[in-house]
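# Architecture at a glance
The chain contents come next:
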Amino acid sequence: MLHIIWSIIVGFFIGLIARMIMPGAEHMGFILTTVVGIVGSIVGGFIGRLISPPKEGQPVHPAGLIMSIIGALIVLFVWGKVM
């Protein structure tokens, strides 16, 4: 249960950071910003594991926060093109 709450909190902040970096006005509420951050973290983690797999037994990728923001920016870019 705590993992889900932590994912929501971190996802919200990742989504906020991505929205501040991405130019243009994105009219999103709390829930959509959180979803963008969580999906961005998943996308960023996937890209990070493709580029450089983490060492055996390492629970978190070293570039986790940066790749999460990059993933959220990618999600926001796609969201802007779709909507």
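For the structure, see preceding data.
Below: a short report on this structure. Just so you know, these numbers come straight off a predicted model, no measurement behind them.

All right, on to the packing of helix α1 (residues 2-21) against helix α2 (residues 30-51) then. Across the interface, α1 lies against α2 with an axial gap of 7 Å and an inter-helix angle of 95 degrees. For the element pair α1 / α2, the angle class is roughly perpendicular. Residues Ser-7, Ile-8, Gly-11, Phe-12, Ile-14, Gly-15, Leu-16 and Arg-19 of α1 lie in contact with α2, whose contacting residues are Phe-30, Thr-33, Thr-34, Gly-37, Ile-38 and Ser-41. Looking at the contact of α1 with α2 residue by residue, the class counts come to 6 nonpolar, 7 polar and 1 charged.

When we look at a pair of aromatic rings, we describe it by the centre distance and by the angle of the planes. Enumeration according to the criterion identifies 2 aromatic pairs in this entry. On the numbers, 5.6 Å between centres and 65 degrees between planes, the contact of Phe-12 with Phe-13 is edge-to-face. Linked through ring pairs, Phe-12, Phe-13 and Phe-30 together constitute an aromatic cluster.

Another aspect to go through is the nonpolar core. Of all hydrophobic cores here, the largest spans 10 residues; its members are Ile-14, Ala-18, Met-22, Met-28, Val-36, Ile-69, Ala-72, Leu-73, Val-75 and Leu-76. Residue assignment for this core shows that the elements contributing at least two residues are α1 and α3 (64-82). Take this core: its biggest share by element is 5 residues, from α3.

All right, on to the side chain of Thr-34 then. Relative to the elements of secondary structure, Thr-34 occurs in helix α2. Among the polar contacts made by the side chain of Thr-34, one reaches the main-chain carbonyl oxygen of Phe-30 at a distance of 2.8 Å. The residues touching Thr-34, leaving out its near neighbours within four places in the chain, are Ile-8, Gly-11 and Phe-12.

We now examine α3. Spanning 19 residues, α3 covers 27 Å between terminal C-alpha atoms, matching the ideal 27 Å at 1.5 Å per step. For α3, the full list of buried residues reads Met-67, Ser-68, Ile-69, Gly-71, Ala-72, Leu-73, Val-75 and Leu-76. On its buried side, α3 packs onto α1 and α2.

How each quantity is defined
Residues numbered from 1 in each chain as written. Predicted model: local features only at pLDDT ≥ 70, side-chain atom pairs only at ≥ 80, totals over all residues. Heavy atoms only, no water. Axes fitted to C-alpha atoms, helices over the stretch in contact; angles between N-to-C directions. Helix = DSSP H or I, 4+ residues; strand = E, 2+ residues; numbered from the N terminus. Parallel < 35°, antiparallel > 145°, perpendicular 65-115°, else oblique. Contact = heavy atoms within 4.5 Å. Nonpolar A, V, L, I, M, F, W, Y, C, P; charged D, E, K, R; others polar. Phe/Tyr/Trp six-rings, centres within 6.5 Å; stacked < 30°, edge-to-face > 60°. Core = buried A, V, L, I, M, F, W, Y, C linked by side-chain atoms within 4.5 Å. Buried < 20%, exposed > 50% of the residue type's maximum accessible area, 1.4 Å probe, protein only. Polar contact = N/O pair within 3.5 Å; in protein donor to acceptor, adjacent residues only side chain to side chain. Expected span 1.5 Å × (residues − 1).

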